Amino acid sequence: MRLLRGLGLALVAVAGLTAAAPAGQPQALGMVLEGLRSTRGQILVCVTRSADHFPDCTKDPDKRHFAVAARSGAIPLGLVAPGDYAIAIVHDENGNGKLDTFAGIPREGVGFSRNPVLRFGAPSFRSAGFPVAGAPVEQAIRLKYFL
């Protein structure tokens, strides 16, 4: 009986090891949007590993920069290599492909991974950054509207 229990525990341990992805393997990345004020327009998404290209990653050669339908809830962002990342999003309500501002204040919603406190301007890569290593990652991003 002890042998069977020991074998069962060993099988559970092996199953647990095979369920975790090996280090260095791409991992699933996703985000959950909270606080969306409408479903008009689109969500512009920037996922980057480069502090030099955050929050506008349009010139980042390794970026993931794309638009998705404006909706609350979970949004998959695909597989990414292990490393440190940051996400910046814009709720482009009028669908013109950019963040509209008035006197430097965003007219459309913005959000960042780890939901850093926004003062004057965008947060740093460090305050929005998070690691991806060994397991899927999902960031809950709360949209903020100033006008």
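See the structure printed just above.
A. Region of interest: the overall build of the protein. For the protein, the count of helices and strands is two helices and ten strands. Here the protein holds 147 residues, and the buried ones make up 37% of them. Counted over contacts in the protein with a minimum sequence separation of 6, partners at least 24 positions apart contribute 70%. Surface exposure of the protein reaches about 8800 Å², of which carbon and sulfur atoms provide 59%.

B. Inspection of the pattern of salt bridges at higher detail. Summed over all chains, the structure comprises two salt bridges. Between R37 and E93 there is a salt bridge whose closest N-O contact spans 2.9 Å. Placement of R37 in the loop between strand 1 (27-34) and strand 2 (42-48) and of E93 in the loop between strand 5 (83-92) and strand 6 (101-102) is noted, with a sequence separation of 56 residues between them. For R37, a relative accessible area of 43% corresponds to the partly exposed category. Taking the relative accessible area as the measure of exposure, E93 reaches 12% and is therefore buried. The shortest N-O distance in the salt bridge between R40 and E93 comes to 3.3 Å. Of this pair, R40 sits in the loop between strand 1 and strand 2 while E93 sits in the loop between strand 5 and strand 6, and the two are 53 residues apart along the sequence. Residues joined by salt bridges that share partners form a network here, namely R37, R40 and E93.

Reading the values: rules and limits
Residues numbered from 1 in each chain as written. Predicted model: local features only at pLDDT ≥ 70, side-chain atom pairs only at ≥ 80, totals over all residues. Heavy atoms only, no water. Helix = DSSP H or I, 4+ residues; strand = E, 2+ residues; numbered from the N terminus. Buried < 20%, exposed > 50% of the residue type's maximum accessible area, 1.4 Å probe, protein only. Contact = heavy atoms within 4.5 Å. Areas by Shrake-Rupley, 256 points an atom, 1.4 Å probe, with all protein chains shown as cover. Salt bridge = Lys/Arg side-chain N within 4 Å of Asp/Glu carboxyl O.

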